[in-house]
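The residues making up each chain are set out below.
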Amino acid sequence: MSLPAALLAAGPSPSPTPSGSETPAVPALQDAQESATNAASWVEQNWSTWLAIGLKVLLVLVIAVVLRKVVLRAITKFIDRMNRTVESAEGTTLGGLLVNAERRRQRSQAIGSVLRSVASFLILGTAALMVLSSFQIDLAPLLASAGVAGVAIGFGARNLVTDFLSGVFMILEDQYGVGDSIDAGIASGEVVEVGLRVTKLRGDNGEIWYVRNGEIKRIGNLSQGWATAGVDVTVRTTEDLDRVRATLDEVAEKMAKEEPWNELLWGPIQILGLDSVLLDSMVVRLSAKTMPGKALTVERELRWRIKRAFDEADIRIVGGAPVALTEEEPVDPTAAVAAPSAFSNSDSPQVAATAPIAVQRGATAGK
């Protein structure tokens, strides 16, 4: 038997390998081809689904962006139209007095900002939920978590939410604006700035009040519509009422014709009559409709003119104190003299009874 035949009969000789180690298996070309075939088949089976999802997401985003732009443009046009309506009212006398440029600007900005924020939040939030639902994501846990988080934030920041909502409704209802004089209960003064959370007021002494909108329970606007100036004149009961009325009519007629009072007075000064009658005085009340915020100015000027007119007409104005005696009435010269005292006489029994005790003891000891 030849050598090659003997080797074949003996079998393959073992190859020397290091002890304790194995050669990693190299993937065959057939396995790679099989993996590629499976991937291609999976893509071929699901490409239509992914394409549909992508087109749906793209359509949702495009519609959301376009709708947001349309809504924001509509809000801007609405605010501009509101401003033009207010500007047209400035041509009238009443409109020019009630409209303030800074107030209109701040109110428009606040309303526009709130409406834009709400519209953007609703549109983009809805679009985000639709995109997530397109990927077959269960939105129930997400919405439940958002609801719990919203409740927690609402409880934690309830004062902030209250202030914000109150500010929004105050601005939308135009309860007050920049330049108005208001009485907010906890503070009063001229409105300097209106915000969604805080209203800034300037008091009569120049101080600045920062009032949270949620703390305002009632508002008295002293700058809308018109104001009423009321003056009470107190005279003696002995005065002639016809002469008093004639003097007041003359003062009112003269004041209504002079500038700038003819613009501040929105109606004639009316003499309402006797408001009260006492034993030594009587009160005559006057009233007039004035420009908003100018009632105190008109009252001061009216009192000034009435005092001068009464002095010229020899009509005496009295105050709340009792009327002093006039020169015609007799005055008792002894009214201010004190009554005589028993202690003024050194020989009186009262003075003897108040002698020092020490003197009496000394006299007893001498006896």
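Overview of the structure. Quick caveat, the model's predicted, so the values are computed rather than measured. Per chain, residues are indexed from 1 in the order of the written sequence. Local features are withheld for residues below a pLDDT of 70 in this predicted model, meaning they are given only at 70 or higher, and side-chain atom pairs are given and counted only at 80 or more; totals for whole chains, interfaces and linings count all residues. Processing note: side-chain calculations cover all non-hydrogen atoms of the structure and skip hydrogens and water entirely.

1. Looking at the pattern of salt bridges
When their charged atoms lie close together, side chains carrying opposite charge are able to pair.
And then number 1: Every case where a carboxyl oxygen of Asp or Glu lies within 4 Å of a side-chain nitrogen of Lys or Arg is listed as a salt bridge. Summed over the entire model, instances satisfying the criterion amount to 13 salt bridges.
And then number 2: Where Asp 232 meets Arg 285, a salt bridge forms, and the shortest distance between an N and an O atom there is 2.7 Å. On the criterion of sequence distance, the pair formed by Asp 232 in strand 6 (residues 227-235) and Arg 285 in strand 8 (residues 282-290) is long-range, its members being 53 residues apart.
And then number 3: Whether a residue is buried, partly exposed or exposed follows from its accessible area with a 1.4 Å probe, protein chains only, as a fraction of its type maximum: under 20%, in between, or over 50%, in that order. On the basis of relative accessible area, Arg 285 is assigned to the partly exposed category, the value being 32%.
And then number 4: Note that Glu 253 and Lys 257 form a salt bridge whose closest N and O atoms lie 3.4 Å from each other. With Glu 253 and Lys 257 both in helix 7 (residues 241-257) and 4 residues apart, this pair spans about one turn of that helix.
And then number 5: By relative accessible area, Lys 257 is classed as exposed at 62%.
And then number 6: Through salt bridges that share partners, Asp 163, Arg 212 and Glu 215 make up one connected network. Under the DSSP-based scheme used, a helix requires at least four consecutive residues in state H or I and a strand at least two consecutive residues in state E, with every element numbered from the N terminus.

2. Quick notes on the sheet that holds strand 1 (residues 181-183)
And then number 1: Strands pair, by our definition, only if DSSP identifies at least two bridges between them. One open sheet accounts for 5 strands, arranged 4-3-2-1-5; its pairing is antiparallel. In this open sheet, the two edge strands, each paired with only one partner strand, are strand 4 (208-212) and strand 5 (220-221).

3. Considerations on a positive patch on the surface
And then number 1: Patch definition: residues above 30% relative accessible area lacking any salt bridge, with like charges linked at up to 9 Å and the nonpolar side chains Val, Leu, Ile, Met, Phe, Trp and Tyr linked at up to 5 Å. Accessible surface area values rest on a Shrake-Rupley calculation with a 1.4 Å probe, where residue burial reflects the displayed protein chains alone. Charge convention: Lys and Arg are scored as positive, Asp and Glu as negative, and His as well as the terminal groups of each chain are ignored. Throughout, a charge is located at the NZ atom of Lys, the CZ atom of Arg, the CG atom of Asp or the CD atom of Glu. On the surface, Arg 68, Lys 69, Arg 73, Lys 77, Arg 81 and Arg 84 cluster together into a positively charged patch.
And then number 2: Here Arg 81 lies in helix 2 (residues 29-89).

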